[in-house]
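Structure at a glance
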Amino acid sequence: MSSSNLQKALTQIWAFLFKNWIIAKRNVFAIFEILFWPVVGFFSVGLLTSFLELDSNKTGFILVGIISMSVIQVCQIDVAYVLLYDLWSKSLKHTFIAPVQSFQLILGSWLIGVVRSFFVFLLLSIFSSLAFGLDFLRPGIGPLVLFLLGLFLTAASVGMSVCILVLLFGYMADVAAWSFSGLISLICGIYYPVFILPFPFPQIAQAIPLTYFLAYFRSFYGFNEGFKNVLAWGFGLAGVYIVVEAFLFKAVLQRARRTGVLIKLSE
Amino acid sequence: MALAIEAEGIFKTFRSGWWKKREKQALKGIDLQIEEKEIFGILGPNGAGKTTLLSILCTLLLPDRGNVHILGMDSLYDGHQIRKRVNIVSGNANFLWSLTVKENLHYYGMLYGLTGKERGKKVEMLIDIFNLKEHQNIPFDELSTGMKQRLSLAKSVINDPEVLFLDEPTAGLDPDVSIRIRREILSIHKERGITILLTTHNMKEAEYLCGRIAFLREGEILAMGSAEALKRMVRIGDQIKIEFKGTIPEDELVRADGVINFTISDHLCEIIVDEGEKRLGMLVAMIAQSGAQIKKVTLRQVDLEDVFVEFAKGTDSDMGLSV
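Residues numbered from 1 in each chain as written. Chains lettered and ligands numbered in written order. Predicted model: local features only at pLDDT ≥ 70, side-chain atom pairs only at ≥ 80, totals over all residues.

Here we take up the overall build of chain A. Each helix and strand counted, chain A has 11 helices and 0 strands in total. The helix and strand sequence of chain A, counted from the amino end, reads α-α-α-α-α-α-α-α-α-α-α. In terms of C-alpha radius of gyration, chain A reaches 19 Å, essentially the compact-globule figure of 18 Å for 267 residues. Dimensions of chain A, computed from C-alpha atoms along their principal axes, come out at roughly 55 × 40 × 40 Å. Here chain A holds 267 residues, and 48% of them are scored as buried. For chain A, contacts bridging at least 24 residues in sequence account for 79% of all contacts bridging at least 6. (Helix = DSSP H or I, 4+ residues; strand = E, 2+ residues; numbered from the N terminus. Rg over C-alpha atoms; globule rule 2.2 N^0.38 Å. Buried ≥ 20, exposed ≤ 12 C-beta atoms within 10 Å, placed from the backbone. Contact = placed C-beta atoms within 7 Å.)

Shown next as structure tokens:
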């Protein structure tokens, strides 16, 4: 790829970052998304741990869960928004008449999601240190970076699923943007180890990368859920899902061009 | 001249319902050849398949069967390359609601890979050309319909397209705004020399803008040609009405050149001729020479609207006949 083509490709990725950023900046609801709900959720759960007089490790276990959930929720919603904003504005066809690749659309929105959710992480980790004495740097910078990367990749995968559903089912699917991450949190053991779940949920949890990333980070707070090679499993599964979803995204986009969904959703 | 758009045997059926059992055949074997730098109109009643055809030609929709070549590229395999060189304007323009005019133009400029200063200059230029300066910092959802359509036109040329698709570009606009938009379309065509394919159910718009027009009805092209050729094709003729006193020479009228049909009733003679302007003088002279006293003569030339009505017969469309 020549340097001018590379510059064009990067600009196209930047377009989606620009779009999500400007819309989020103007949207009061976006402030709720990154400040209000994560903070309210965090303190509700944090204060519950105080009331139950949990020891510091168990408190850490639960706070890692709630913070992870907030990071994934904020990051994945940005990926989903890349299509949802167009869907709500009925401008989907103008995006897809432009010569953009699906990976540019996902990558650009994911990057802004990473920025916003990292801000949420910073905020909540400061609160957890000040209010509940949980030190997120205890595992060290390296494990923390790997943990966050795992969360961001999981969020990309969840957001891509929402995009795929939007192209398949249109307006009916936008609810997935808020419900998918909640469902995952239930199965992956945000507030509890997955082995306490009834059959077949522990097995399902093992097919979700978040389970391994949580197990990895919680291991630094004295919890061992019995999984081996957690990072390899986590990144491996996340990578497989992202690749599969990238192909699926292309396929459903092609289907949308065949069935006329792109036109219908723009009317 | 080279072809900008070439479509051959295009079929499209939409399926709906839970088991996809409901079918609507939208296009039934469309063949189309549009030369470079031509303004070509697709005219037809609602539900004729105009938007479906345009969507297929601009790569937003895939046909079930048939071949489409845009600027020599196969739309099935080279969709991405085609998209770099075409753009679209649609009636009821919709862009990202909370982005301002300027931000929307920047966003779409980025989607076409325009970088930094190049994009900045282009956006400023388009804001100037399309008189959007005063509105450049207003969010899209606060713009008037006319302004939205101007933004749509500005966005449509941001990538300097070689082919521009206009889907009912003046739908829902006030007449004065429509006239302005049509002028802007003509000026885009004149200055940039781009090929324009336009769908409309507004006859005056098609006649004003298009070199050639195709009449589409129920997924089929019924006729294609210049506005004049189409008028001749339907053979409905111009109408000359003559109010008179006395007697009209009926046997001479039957033999007169260009007369297709005539009726005489109660001092009013209605004559249908092939070309009104050409035949008027001769007919008036003939009637005057026969001794009849002519009181009033009116000529009503057939327009594209008559042609449209003629072609649209048999559909249950709510044809938009207003201008």
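Attention shifts here to the confidence of the model for chain B. All names here are of chain B. Scored by pLDDT, chain B comes out at a mean of 88, with 95% of its residues at no less than 70. Mean pLDDT per element in chain B: helix H11 (residues 304-312) is the minimum at 72, and helix H3 (residues 101-111) is the maximum at 97. Low confidence marks residues 316-323, where pLDDT is under 50. Its contacts with residues over four positions away, or in another chain, come to 15 contacts. Taken over the whole predicted complex, pTM reads 0.85, whereas the ipTM for its chain interfaces reads 0.91. (pLDDT = per-residue confidence, 0-100.)

The next subject is the pairing of strand E2 (residues 22-35) of chain B. In summary, the side chains of a regular strand alternate between the two faces of the sheet. Residues and elements named next belong to chain B. Pairing of strand E1 (residues 3-16) with E2 involves 11 bridges; the strand directions are antiparallel. Paired with Phe11 across the bridge in E2 is Lys28. Hairpin connection, E1 to E2: the antiparallel pair is bridged by 5 residues, and Gly17 has positive phi, about 90°. (Pairing = 2+ DSSP bridges.)

Turning next to unusual backbone geometry. Cis geometry is found at the peptide bond from Phe199 of chain A to Pro200 of chain A, where omega equals 5°. Inspection of the secondary structure puts Pro200 of chain A in the loop between helix H7 (176-188) and helix H8 (201-205). You will see that Glu53 of chain A, though not glycine, has its phi angle at about 55°, which is positive. For Glu53 of chain A, the position within the fold is in the loop between helix H2 (28-51) and helix H3 (56-89). Using a count of 8 C-beta atoms within 10 Å as the deciding quantity, one classes Glu53 of chain A as exposed. For Glu168 of chain B, which is not glycine, the phi torsion reads 45° and is therefore positive. On the secondary structure map, Glu168 of chain B appears in the loop between strand E7 (163-167) and helix H6 (175-192).

Turning next to the domain arrangement of chain B. Taken domain by domain, chain B holds domain 1 (3-232) and domain 2 (237-301). The centre of domain 1 of chain B, based on its C-alpha atoms, is set 45 Å off from the matching centre of domain 2 of chain B. (Domains from an automatic or database assignment.)

All right, on to the nonpolar core then. In this structure, Val79, Val162 and Cys163 of chain A together with Ile5, Leu57, Phe165 and Leu197 of chain B are the most contacted members of the largest nonpolar core, which totals 161 residues. It is H3 of chain A that provides the largest number of residues to this core, a total of 19 residues. If we ignore the near neighbours within four places in the chain, the residues touching Ile5 of chain B are Leu32, Ile34, Leu57, Ile70, Val163, Thr195 and Leu197 of chain B. Counting 7 residues, the second-largest nonpolar core is a separate cluster that includes Cys269, Ile271, Val273 and Leu283 of chain B. (Core = buried A, V, L, I, M, F, W, Y, C linked by C-beta atoms within 7 Å.)

Turning to the environment of Phe311 of chain B, a few remarks are in order. Residue and element names in this part refer to chain B. By the element assignment, Phe311 lies in helix H11. Judged by the 22 C-beta atoms lying within 10 Å of it, Phe311 is buried. Here Phe311 is in contact with Phe215, Arg217, Leu222 and Ala223, once residues within four sequence places are set aside.

Let us now look at the interface of chain B and chain A. Of the residues lining the interface, 26 residues belong to chain B; the matching set on chain A comes to 30 residues. If you list the elements that add at least two residues to the side of chain B that touches chain A, you get helix H2 (79-85), strand E6 (86-90) and H3 of chain B. Take the side of chain B that touches chain A: its biggest share by element is 5 residues, from H3 of chain B. Its residues assigned to classes, the side of chain B that touches chain A comprises 16 nonpolar, 7 polar and 3 charged. (Nonpolar A, V, L, I, M, F, W, Y, C, P; charged D, E, K, R; others polar.)

Take the packing of H2 of chain A against helix H5 (residues 102-132) of chain A next. Residues and elements named next belong to chain A. Contact pair H2 / H5: the axes reach a minimum separation of 10 Å and the direction vectors enclose 30°. The angle between H2 and H5 falls in the class roughly parallel. The two elements H2 and H5 meet at a crossing, and its hand is right-handed. Residues Ile34, Pro38, Phe42, Gly46 and Thr49 of H2 lie in contact with H5, whose contacting residues are Arg116, Phe119, Val120, Leu124, Phe127, Ala131 and Phe132. (Axes fitted to C-alpha atoms, helices over the stretch in contact; angles between N-to-C directions. Parallel < 35°, antiparallel > 145°, perpendicular 65-115°, else oblique. Left-handed = near helix turned anticlockwise from the far one by under 90°.)

A separate point is the sheet that holds strand E9 (residues 212-217) of chain B. Residue and element names in this part refer to chain B. Pairing is mixed in the open sheet, where 6 strands are placed in the order E6-E7-E8-E3-E9-E10. Taken across any chain shown, the strands that pair with only one partner, and hence form the sheet edges, are E6 and strand E10 (220-225). Put simply, the sheet's adjacent strands are angled 15° from each other on average, direction ignored. Bridge analysis of E7 against strand E8 (residues 195-200) gives 5 bridges, and the strand direction is parallel. Paired with Leu166 across the two strands is Leu198, which belongs to E8.

Let us now look at the sheet that holds E2 of chain B. Residue and element names in this part refer to chain B. Spatially, E2-E1-E4-E5 is the arrangement adopted by the 4 strands of the open sheet, whose pairing is antiparallel. Each of the sheet's edge strands pairs with one partner strand only, and the pair in question is E2 and strand E5 (73-74). Looking at chain direction, strand E4 (residues 65-70) and E5 are connected through 2 bridges and run antiparallel. Its bridge partner lying in E5, Ile70 is registered against Met73. Across the sheet, helix H1 (residues 50-57) lies against E1, E2 and E4, angled at about 120° from E1, the strand it touches most.

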